[in-house]
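# Examining the three-dimensional arrangement
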Amino acid sequence: PLTTGTEPVPRPGESARTVPIAQFLLAESDFAAGRNEEALKGFLDIAYAAPDDERKGFVWMRVGELLLNRGEFEKALEAVDRAVFLSRARFIALSAMDLKLRIYQKMDWSNEARQVAGYLIDQKYVNAYVPSLLALMARADAKSGKIAGSLALYRKAVAATADSEE
């Protein structure tokens, strides 16, 4: 929504209600301070009480990060899926996909991680370190017996490393 004065102006078809900023800032400060339980409670309160809008995608991404830190991988994946669904901002959606990649790696789901890594490369995600993602894809291929593909990806990773150092 656009802001004129102190009241937000909703886009056509949007609710005038948005994510409560004070509650969000409190949860975000708890997150930054490492108070994970308080941050998770604050973000979940926002996630379930506030109306769905694009800012809520970031809230669900934070929930996913906190659940990943707790080792609750399935719940973290659900949160990340909601973040991707609600985010209109390309960077937030790709950041959520990057989080999904980290969750898949923790769960040792190589094929799923490989797909997400390829997607992040294809989308030219600004925070992606291409050589690392290519190496991840190569390991996944090697694990599933695709040796020729794996070697090709390792070659690409080495070439990308050389390109990034120039």
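The structure under discussion appears in the preceding block.
A quick note: this is a predicted structure, and the numbers were derived from the prediction, not measured. (Residues numbered from 1 in each chain as written. Predicted model: local features only at pLDDT ≥ 70, side-chain atom pairs only at ≥ 80, totals over all residues. Heavy atoms only, no water.)

## Observations regarding the overall build of the chain
Secondary structure assignment for the chain yields eight helices and two strands. Going from N to C terminus, the chain has its helices and strands arranged as β-β-α-α-α-α-α-α-α-α. Scored against the burial criterion, the 166 residues of the chain give a buried share of 40%. In the chain, 49% of the contacts between residues at least 6 apart in sequence involve partners at least 24 apart. Counting only carbon and sulfur atoms, one obtains 56% of the accessible surface of the chain, whose full area is about 9,700 Å². (Helix = DSSP H or I, 4+ residues; strand = E, 2+ residues; numbered from the N terminus. Buried < 20%, exposed > 50% of the residue type's maximum accessible area, 1.4 Å probe, protein only. Contact = heavy atoms within 4.5 Å. Areas by Shrake-Rupley, 256 points an atom, 1.4 Å probe, with all protein chains shown as cover.)

## Considerations on helix α7 (residues 130-143)
Residues lying three or four places apart along an α-helix face the same way, a consequence of the helix completing one turn every 3.6 residues. Its 14 residues give α7 an end-to-end C-alpha distance of 20 Å, which sits within 8% of 20 Å, the value for a rise of 1.5 Å per residue. Considered for burial, the residues of α7 that qualify are Pro 131, Leu 133, Leu 134, Ala 135, Leu 136, Met 137, Ala 138, Ala 140 and Asp 141. Trailing α7 by a residue or two, Gly 145 shows a phi angle of about 85°, which is positive. (Expected span 1.5 Å × (residues − 1).)

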